[in-house]
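A closer look at the structure
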Amino acid sequence: QVQLVESGGGLVQTGGSLRLSCAASGRTFSSYVMGWFRQAPGKEREFVAHISWSGGTTTYADSVKGRFTISRDNAKNTVYLQMNSLKFEDTAVYYCAAGGTIWSSLLRNPTSYDSWGQGTQVTVSS
């Protein structure tokens, strides 16, 4: 497994931007599929975005498509989530996750990922 540490969360006004980072330990980061998930109080953890090991394929939840961008730098063992045009409903704890080979139909399922970070709080004020 890989150890993951998120950073970059905070308080931002509606319409603002944040960039989350997720630093991974280990030499095999480039072989992992990476995902971002979020969990708001009283709600289940939900898929936000995924990126393939090479960075060549990405998928997004409909709720963030066009506003969020996932990217990775395998040389730095880091995955990013650029969040623009933030809305109040984006408020949540954001988690990054790493997985091995994942069927495309299961990329949005949290149970498909093996390693998780501790999460970083994003609060969007209206």
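The structure under discussion appears in the preceding block.
Structure report, in brief. Being a predicted model, the structure only gives us computed values, none of them experimental. (Residues numbered from 1 in each chain as written. Predicted model: local features only at pLDDT ≥ 70, side-chain atom pairs only at ≥ 80, totals over all residues. Heavy atoms only, no water.)

Comments concerning the sheet that holds strand S8 (residues 78-83)
- Ordered in space as S1-S3-S8-S7, the four strands form an open sheet in which the pairing is antiparallel. Strand pairing shows two members of the sheet lacking a second neighbour, strand S1 (4-7) and strand S7 (68-73), which therefore form its edges. The average undirected angle you get between the axes of adjacent strands in this sheet is 15°.
- As paired elements, S1 and strand S3 (residues 18-24) share four bridges and run antiparallel to each other. Each residue of the ladder has a partner; that of Val 5, found in S3, is Ala 23. (Pairing = 2+ DSSP bridges. Helix = DSSP H or I, 4+ residues; strand = E, 2+ residues; numbered from the N terminus. Axes fitted to C-alpha atoms, helices over the stretch in contact; angles between N-to-C directions.)

Digging into the pairing of strand S9 (residues 92-99)
- The buried count for S9 comes to seven of eight residues, which makes it a mostly enclosed element.
- When strand S4 (residues 33-39) meets S9, the two strands line up antiparallel, connected through seven bridges. Its bridge partner being in S9, Gly 35 is matched across the sheet by Ala 97.
- For S9 and strand S11 (residues 120-125), the ladder comprises three bridges, and the chain directions are antiparallel. Pairing of Tyr 94 across the sheet is with Thr 120, part of S11.
- When S9 meets strand S10 (residues 115-116), the two strands line up antiparallel, connected through two bridges. Residue pairing across strands places Ala 98 opposite Ser 115, the latter belonging to S10. (Buried < 20%, exposed > 50% of the residue type's maximum accessible area, 1.4 Å probe, protein only.)

Side note on the pattern of salt bridges
- All chains considered together, the criterion is met by four salt bridges.
- A salt bridge links Asp 90 to Arg 38, with the shortest nitrogen-to-oxygen separation between them at 2.9 Å. With Asp 90 in the loop between S8 and S9 and Arg 38 in strand S4, this residue pair connects regions lying 52 residues apart in the sequence. This pair shows no difference in class: Asp 90 is buried, exactly as Arg 38 is.
- Three or more residues joined by partner-sharing salt bridges are found here, namely Arg 38, Glu 46, Arg 67 and Asp 90. (Salt bridge = Lys/Arg side-chain N within 4 Å of Asp/Glu carboxyl O.)

What to know about the packing of aromatic side chains
- Using the criterion set out here, one finds five aromatic pairs in the structure.
- A centroid spacing of 5.7 Å and a plane angle of 75° characterise the contact between Phe 37 and Phe 47, whose relative ring orientation is edge-to-face. Taken together, the residues Phe 37 in strand S4 and Phe 47 in strand S5 (residues 46-51) connect sequence positions 10 residues apart. For the pair Phe 37 and Phe 47, one class covers both residues: buried.
- Centroid distance Tyr 95 to Trp 116: 6.4 Å. Interplanar angle 75°. Geometry classified as edge-to-face. Separated by 21 residues along the polypeptide, Tyr 95 in strand S9 and Trp 116 in strand S10 bring together distant segments of the chain. (Phe/Tyr/Trp six-rings, centres within 6.5 Å; stacked < 30°, edge-to-face > 60°.)

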